[in-house]
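The lines below spell out each chain.
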Amino acid sequence: MAVNEKLLLAVLEEIRPNLQADGGDMEYHGVDENGVVSLELTGHCAGCPMSQLTLSMGIERILKEHVPGVTSVVAVNDMGGNMSDLYDEYAPF
């Protein structure tokens, strides 16, 4: 199922003030054919140890509830790479 990008962007705009209230923000990088949304957390969210929790338990949960076709949310760094790739390299397990 293709994701309605207009609806996706509208929902992200509804979420944005919550991030901004804590000094952070997000940049939308796109959604792929599998429903994976790529976001870059910026501001205070960029270096926050809770950023993965914000993505999975916050943003991803809301998007899945309100935007049909969204399957997950991944963080990208400022160079366009997937942050989980960096984590996997240094993960202790």
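Structure shown above.
Residues numbered from 1 in each chain as written. Predicted model: local features only at pLDDT ≥ 70, side-chain atom pairs only at ≥ 80, totals over all residues. Heavy atoms only, no water.

A. Helix 2 (residues 51-66), seen in detail. The end-to-end C-alpha separation of helix 2 is 21 Å, in line with the 22 Å expected for 16 residues at 1.5 Å each. Considered for burial, the residues of helix 2 that qualify are Ser51, Leu55, Gly58, Ile59, Glu60 and Leu63. Structurally, helix 2 contributes buried residues whose contacts are with helix 1 (5-20), strand 1 (24-31), strand 2 (36-43) and strand 3 (72-75). (Helix = DSSP H or I, 4+ residues; strand = E, 2+ residues; numbered from the N terminus. Expected span 1.5 Å × (residues − 1). Buried < 20%, exposed > 50% of the residue type's maximum accessible area, 1.4 Å probe, protein only. Contact = heavy atoms within 4.5 Å.)

B. Seen up close, the environment of Leu39. Within the secondary structure, Leu39 sits in strand 2. Sequence separation between Leu39 and Asn77 is 38 residues; the distance between their C-alpha atoms is 8.6 Å.

C. Focus on the environment of Asp22. Position of Asp22 among the secondary structure elements: in the loop between helix 1 and strand 1. On the basis of relative accessibility, which here comes to 61%, the residue Asp22 falls in the exposed class. A sequence separation of 22 residues divides Asp22 from His44, and the C-alpha atoms of the two residues are 7.2 Å apart.

D. Region of interest: the pattern of salt bridges. Counting across every chain of the model gives four salt bridges. Across the pair Glu60 and Lys64 runs a salt bridge, and its minimum N-O distance is 3.4 Å. Here the residue Glu60 and the residue Lys64 both occupy positions in helix 2, the gap between them amounting to four residues, near one helical turn. For Glu60, a relative accessible area of 14% corresponds to the buried category. (Salt bridge = Lys/Arg side-chain N within 4 Å of Asp/Glu carboxyl O.)

E. Structural view of the packing of helix 1 against helix 2. For the pair helix 1 and helix 2, the least separation of the axes is 10 Å and the interaxial angle reads 145°. In the crossing of helix 1 with helix 2, the sense of the turn from one axis to the other is right-handed. Where helix 1 approaches helix 2, its residues Leu7, Leu8, Val11, Leu12, Ile15 and Leu19 are matched on the opposing element by Thr54, Ile59, Ile62, Leu63 and His66. Broken down by class, the residue content of the contact of helix 1 with helix 2 amounts to nine nonpolar, two polar and no charged. (Axes fitted to C-alpha atoms, helices over the stretch in contact; angles between N-to-C directions. Left-handed = near helix turned anticlockwise from the far one by under 90°. Nonpolar A, V, L, I, M, F, W, Y, C, P; charged D, E, K, R; others polar.)

F. Structural detail: the environment of Glu13. Within the element layout of this structure, Glu13 appears in helix 1. Note on Glu13: relative accessible area 44%, which makes it partly exposed. Residues Glu13 and Met26, spaced 13 residues apart in sequence, show a C-alpha to C-alpha distance of 9.7 Å.

G. Looking closely at the pairing of strand 1. For strand 1 and strand 2, the ladder comprises seven bridges, and the chain directions are antiparallel. Residue pairing across strands places Met26 opposite Leu41, the latter belonging to strand 2. Counting the residues that bridge the hairpin from strand 1 to strand 2 gives four residues, and of these Gly35 lies at a positive phi of roughly 85°. (Pairing = 2+ DSSP bridges.)

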